[in-house]
Amino acid sequence: MNTHEEKEFSSNYDFAIWKNLLQYLKPFRKNFIVLAVFMMILAGTDVLIPYLAKFAIDHFIGNNTLDGFGYFVMVYAMAVLTISGVVYLFIKEAGKIEAGVTYSLRKKGFKKLQELSFSYFDKTAVGWLMARMTSDTNRIGEILAWGLVDFMWGISMMTMIAVVMFVVDVKLALITLTVVPFLAIVSIFFQKKILRVSRKVRKINSKITGAFNEGITGAKTTKTLVREDENLTEFQEITYDMKKKSVRSAIISSMYMPIVISMGSVGMALALGFGGNGVIMKTISYGTLVLFVNYTVQFYEPIREMARIFAELQVAQASAERLLSMIDTESDIIDGDEIIKKYGDSVDSKRHNWEPIHGDIDFKDVTFYYKEDEVILENFNLNIKSGQTIALVGETGSGKSTIVNLACRFYEPVKGDILIDGIDYRQRSQLWLHSNIGYVLQTPHLFSGTIRDNIAYGMLEASELDIIRAAKLVNAHDFIMKFENGYDTEVGEGGAKLSTGEKQLISFARAILANPKLFILDEATSSVDTETELIVQEAIQKVLTGRTSFIIAHRLSTIRSADRILVIEKGKIIEDGTHDELMNNEGHYFNLYTNQFIDEKEIEVINK
Ligand SMILES: Nc1ncnc2c1ncn2[C@@H]1O[C@H](COP(=O)(O)OP(=O)(O)OP(=O)(O)O)[C@@H](O)[C@H]1O
Ligand SMILES: [Mg+2]
């Protein structure tokens, strides 16, 4: 179901992505500048210390004097102190950047997830989203902070070493650095290879994450179907592939390092050979030789680091690309600028401008599909008066939930309009409509936390009294009080510690707490026991009065008193009337009802 298959990412650096990412880094501009300055100071001191050694050798040993030794010791001590101080400071600063960037990206991502419409979640796997929000944000924060540390330090140090080398002795500098172009060529060659395999590894890795996710969320289903063996085989195939590619990646990486090290040694040999010769010929000082040897060692260290950083940068680029693709997704359902100006958005809901909702709903020639080749509703018309209770019945997949979700603007019509109180609902903000809806989903979801948290979920400012009133209205109060901890009972993840009936009643209380003008109940097919069923039914009757409501009921006894019963077949209304009218018609509803009634009677007889 994951339509966000790992794309082929180009092997080049994509500056558009980094530019896009930059806007999220703006708040940290100061930290980045501070960090860069720290790293330059550190590199400068790192370069200074061998130079001090050269000075000591040439001046104190060469001249056999202790002239100015006090100053020398002071400068040396200061250099060492500077290093310790800067290391402390840069670790702190980089840590701040890492945490800050990760935090702000997660905040952005989470906000986006709250805004995206139903259709986005239809086509995006939970595991994919989780990976974006956790590992990708982490990786970006890490590379930006620590990658930058190494990068700034490396570049500054190499430049400074090269400069000092040339200032001290141009010829020797040229000789020692002849290996650099070769090293660059080899590095580029290996980089390309390493990137290619690591991209393959990443691609498989995202498959593995997906499989993990399915394996974990579907663990119960797997067990009930005894599919463990098959799943394991499938999983092993992917992981085997992963192992093969990972080993290949490791082999290539392991070839690169020795080459860098050998080339470094060649550089060192050149410095020693030509430098040593120079010392004998007295064209350079002994101190200069030591300086060049030390610098050669120092010079190749960042090169090795650099290879790692570039590889990480590539991975981070892929992370950024995926994360930003999520953050930049335009929701299918958005409020226009004009509308936000008048009705506000989720940050600043201008409630004072909101018209009170009356509750008339009008579907005008609505056409709708999830996938273009599979039209669910075509030129659908339905007019509902405020305060009416509309029951929808029909076979599974006939489009009942779809109709209701359209009325709620969780999806929008592809063609045609839906009017609320006579005005196209796209003329008002989503929040305006959604604040007026109480919706009990077909599969009610509870969040981990207490029963109280769950009831107050949509209205955090609700008082204890409001919460209890809502619970009483839906007949949930009694069973809640039977728990040892009452309203403080933990419901477990997804409400796993409660029965289906209990979950239903709590989601009822939650839906009714804000006293919504529109009420929707999409009844779960899984039936609850007869006693709870009665409680639920009574609750429904109480809740519906004074609201425009849709009830999708599989148990027809629930809807006998509805103002209108619509029988839906393949997205069309094939019958429309009250219970009595439809029974007199002796049509579809009549058949459904009598059959179900007979079934229920039979079950009762069998159970006796
Ligand atoms: N998110 C979705 N993406 C793609 N197709 C969907 C989606 N939701 C529903 N459908 C399809 O639309 C049609 C109508 O589905 P809908 O959920 O409205 O049926 P329903 O009448 O509520 O069924 P049930 O009684 O089983 O709840 C079905 O063919 C279904 O496969
Ligand atoms: Mg449904």
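Per chain, residues are indexed from 1 in the order of the written sequence. Chain letters start at A and ligand numbers start at 1, both assigned in the order the entries are written. At least 70 in pLDDT is required for a residue's local features to be given in this predicted model, at least 80 for side-chain atom pairs to be given and counted, and no such filter applies to totals for whole chains, interfaces and linings, which use all residues. The side-chain numbers reported here are obtained from all heavy atoms of the structure, hydrogens and water having been left aside.

### What to know about a positive patch on the surface
Patch definition: residues above 30% relative accessible area lacking any salt bridge, with like charges linked at up to 9 Å and the nonpolar side chains Val, Leu, Ile, Met, Phe, Trp and Tyr linked at up to 5 Å. In short, Shrake-Rupley with a 1.4 Å probe defines the accessible areas, and a residue's cover is counted only from the protein chains shown. By salt bridge we mean one thing: a side-chain nitrogen of Lys or Arg within 4 Å of a carboxyl oxygen of Asp or Glu. Note on charges: Lys and Arg go in the positive column, Asp and Glu in the negative column, and His and the chain ends are not counted at all. Lys charges are placed at NZ, Arg charges at CZ, Asp charges at CG and Glu charges at CD. On the surface, a cluster of positive charge is made up of Lys-192, Lys-193, Arg-196, Lys-200 and Arg-248. Here the positive patch takes four residues from helix H7 (residues 179-217), the largest share from any one element. Only runs of H or I of at least four residues qualify as helices and only runs of E of at least two qualify as strands under DSSP, and these elements are numbered from the N terminus. Mapped onto the secondary structure, Lys-192 falls in helix H7.

### Let's talk about the nonpolar core
Here, nonpolar core refers to any group of buried Ala, Val, Leu, Ile, Met, Phe, Trp, Tyr and Cys residues whose side-chain atoms link them within 4.5 Å. The cut-offs for exposure are 20% and 50% of the maximum accessible area for each residue type, with area from a 1.4 Å probe on protein chains only; residues under the lower value are buried, those over the upper are exposed, and the others partly exposed. Counting residues in each nonpolar core, the largest one holds 63 residues, and the members touching the most others are Leu-21 and Leu-144. Counting only elements with at least two residues in this core, the list comes to helix H1 (15-25), helix H2 (29-61), helix H3 (69-115), helix H5 (126-168), helix H6 (170-176), H7, helix H9 (228-280) and helix H10 (286-327). In terms of residues, this core owes the most to one element, H10, which gives 16 residues.

### Focus: the sheet that holds strand S7 (residues 518-522)
Pairs of strands are assigned from DSSP output, requiring at least two bridges between the strands. Taken together, six strands build an open sheet; the order of strands is S6-S7-S8-S3-S9-S10 and the sheet is mixed. Edge positions in the open sheet fall to strand S6 (437-440) and strand S10 (572-577), since each of these has one partner strand only. With strand direction ignored, the average angle separating the axes of adjacent strands in the sheet is 15°. Relative to strand S9 (residues 564-569), strand S3 (residues 389-394) runs parallel, the two sharing five bridges. Each residue of the ladder has a partner; that of Leu-392, found in S9, is Leu-566. A fitted line through C-alpha atoms represents every axis, and for helices the fit uses only the stretch in contact; the resulting angles, taken between N-to-C directions, go from 0 to 180 degrees.

### A word on the site of ligand 1
In these notes, residues near a molecule or strand are those with any non-hydrogen atom within 4 Å of it. Every one of the 14 residues lining ligand 1 counts as a neighbour, but Thr-396, Lys-400, Ser-401, Thr-402 and Gln-442 are closest to it. Contact distances for ligand 1 include 3.3 Å between an oxygen atom and a backbone N or O atom of Ser-398. We define a polar contact as two N or O atoms separated by no more than 3.5 Å, with the added condition that, inside protein, one atom must be a possible hydrogen donor and the other a possible acceptor, whereas residues neighbouring each other in sequence contribute only through side-chain atom pairs. The side chain of Ser-401 places a nitrogen or oxygen atom 2.7 Å from an oxygen atom of ligand 1. Out of a free accessible area of 630 Å², ligand 1 has 71% covered by protein chains.

### A short note on the pattern of salt bridges
What the rule picks out here adds up to 22 salt bridges. Lys-111 serves as the salt-bridge partner of Glu-115, at 3.0 Å between the closest nitrogen and oxygen. On the criterion of helical spacing, the pair formed by Glu-115 and Lys-111 is a turn pair, its members being four residues apart in helix H3. According to the relative accessible area criterion, Glu-115 is partly exposed, its value standing at 34%. Measuring nitrogen to oxygen at the nearest pair gives 2.8 Å for the salt bridge that ties Arg-409 to Glu-412.

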